[in-house]
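# Descriptive analysis of the structure
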Amino acid sequence: MKLSTTGFQMTDCVSKVELTVTCSNLLDKDVGSKSDPLCALLQSTGGDKWTELCRTEHLNNTSDPAFSQRLRIDYHFESVQNLKLAVYDIDNSSSDLGDDDFLGGVELTLGQIVSSKTVTRPLQLKKGKPAGKGTLTVTAEEIKDNRAIELELEAKNLDKKDTFGKSDPFLEFFKQGDDGKWLLVHRTEVVKNNLSPSWKKFTVPLQTFCSSDLERPLKVDCSDYDNDGTHDLIGSFTTKVSELQKAASGSLVSFDCIHPEKQKKKKSYKNSGVVSVKKCKLVTQHTFLNYVMGGCQVNFTVGIDFTGSNGNPSSPNSLHFMSPDGLNQYLSALWSVGQVVQDYDTDKLFPAFGFGAKLPPDYQAAHHEFALNFNPANPYCQGVQGIVEAYRMVLPQIRLSGPTNFSPIISHVASIAATAAQSNSPSQYFVLLILTDGEITDLDQTRDAIVRASRLPLSIIIIGVGPADFKAMELLDGDDGVLRSTVGEAVARDIVQFVPFREFKDVIAPAAALAKSVLAEVPNQLVSYFKMRGLEPLKPQAAPAPKP
């Protein structure tokens, strides 16, 4: 959750997914009749432990159940959500499934389900034994109201509240809860020293703004901002979305700002100013899931730092040194992020590159972008495991060198993203993962490359490995200010996320924590790009009908 420049709280949203389950050819456990099945949704809590999230109704006497009770789950792109759909034959009224017959289950990730929309898998008993010819089909659908309200307001002749200047007005919007209490849903920016301000256009999810109820009462407070937090109320009014919408048809929608104390004291009191609606419309606010379920592919590319500052790989002090379990910080970081992203690419073929090394057979000049599998015509690896295997194969054959240049690989992936962007279709998005020890030498060229890439369907994740000073990486991240090119051009949108790997070494479940941290911004970055281009999600294609 982030704060605006005025210190006011912004709203985060969590996508929710609804799963529909059907089965066929279930085992018959009951003598003289078919099974009475129920499906439970469980989520992994680590190791072999699972926790139940929800379950369907239980149906009587069927081997081919179609459950009407949907299974709902919060969806997080940045985490691998390992799920199990377990089917049981219910023989008693107890809610404990431990004493019911297990008919089979399917294990998969939520990412696999939402990216495919419909998945069919064979049911398995314990230890991978097939549950006869039984299959389970699960279909995903997002259940979030994706409408939003877009508003632009202005005011005239507000009361002067400051002794040595005019007022510094801002607006606060409240919706009335079911308990009658007012709940803050939005706060505008502060307009300094102005009694007739115009506030910037803003967009709020309709569900947040009015619980998707166009007739729900709303209250708007106009106040004078004070640095010490003792804001002075200028005036208030009540309304509802259906009334605000009249501005869309050209009608004048204005409200008297009423201060209750002034109204009590002066019979001649009219108002403390007038607030008017300049624009109001309901818009569709598309989500990451809308694009993914509409067929958008997330293409994953990896760049690995093989510069000399990492240390000789044969030395235990090297960041590339393999521990007895066959891992190092580079591979651990790759596994953490790659296993999340790979669910969103259908062919699971990922280009992987190294930079900063001298290559056989001549070991002459350092290469700032080379195929990790030594095949420049086909740099693709099969899944994250394929990248790991290519890394282990190439490491003994190269010589670490330098300098550490990021711009060649960023420009390479950006050129591919630029080609995809020419299709004017929200079907391709790219994520570049750079693993580095942080000793960057082409900072200016990298800044320029990132600014250019910010106008393309591309996100860049940088994971810093080792103990280095990562100030340059933090500059590229841009969280503390807008990143600019060497000629002062600002990024079109924030596309870089940097984290140092060392921050996750001592946490519980470090792989999951790392993936969550570095991937949390990708969904919003993807949506912001397609919104900037005015590209709406493609409509999901209907699943083909099963063959008789």
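Read on for an overview of the structure.

## Points about the pairing of strand E10 (residues 169-176)
- When you tally the buried positions in E10, you get seven out of eight residues, the bulk of the element.
- Two elements, E10 and strand E13 (residues 218-224), share seven bridges in a ladder whose sense is antiparallel. Of the residues in E13, the one forming a bridge with Leu171 is Cys222.
- Direction of pairing for E10 relative to strand E11 (residues 182-187): antiparallel, over a ladder of five bridges. When the sheet's bridge partners are listed, Gln176 is paired in E11 with Trp182.
- Hairpin geometry of E10 and E11 is characterised by an intervening segment of five residues between the two adjacent antiparallel strands and by a positive phi of about 85° at Gly180.

## Let's talk about empty space enclosed by the protein
- Throughout the structure, instances matching the rule amount to two cavities of 30 Å³ or more.
- Approximately 60 Å³ is the volume found for the largest cavity.
- In terms of lining residues, the largest cavity is bounded by 13 residues, among which Ser79, Val80, Gly111, Asp343 and Tyr344 are the most central.
- When residues of the lining of the largest cavity are traced back to their parent elements, those giving at least two are helix H1 (110-116) and helix H6 (329-341).
- Its residues placed into classes, the lining of the largest cavity shows six nonpolar, six polar and one charged.
- Here the second largest cavity defines a volume of roughly 40 Å³.
- Counting residues per element, the ones that place at least two in the lining of the second largest cavity are helix H8 (407-421) and helix H12 (522-533).

## A word on the sheet that holds E10
- Reading across the sheet, the four strands line up as E11-E10-E13-E14 and stay open at both edges, with antiparallel pairing between neighbours. Because the sheet does not close on itself, it has two edges, and the strands there are E11 and strand E14 (232-239). Sheet twist, expressed as the mean angle between neighbouring strand axes with direction ignored, is 25°.

So, how was this worked out
- Positions within a chain are numbered from 1, following the residues in the order the chain's sequence is written.
- At least 70 in pLDDT is required for a residue's local features to be given in this predicted model, at least 80 for side-chain atom pairs to be given and counted, and no such filter applies to totals for whole chains, interfaces and linings, which use all residues.
- No hydrogens and no water enter the side-chain calculation; it runs on all heavy atoms of the structure.
- Exposed residues in this analysis have more than 50% of their type's maximum accessible area, buried residues have under 20%, and partly exposed residues fall in between, with area computed by a 1.4 Å probe over protein chains only.
- Secondary structure follows DSSP: runs of H or I at least 4 residues long count as helices, runs of E at least 2 residues long count as strands, and numbering of each begins at the N terminus.
- For two strands to pair, DSSP has to find at least two bridges joining them.
- Grid points spaced at 1 Å and placed over the protein atoms alone form the basis of the search, with a cavity being a set where a 1.4 Å probe fits but cannot get out and a pocket an open set showing protein on both sides within 12 Å along at least five of seven lines. Lining residues have an atom within 4 Å of a point.
- Grid points are joined across faces, edges and corners, and a volume is the space filled by probe spheres set on the points.
- The residue classification treats Ala, Val, Leu, Ile, Met, Phe, Trp, Tyr, Cys and Pro as nonpolar and Asp, Glu, Lys and Arg as charged. All others, Gly included, are polar.
- Helix axes are fitted to C-alpha atoms over the stretch in contact, other axes to C-alpha atoms as well, and angles between N-to-C directions run from 0 to 180 degrees.

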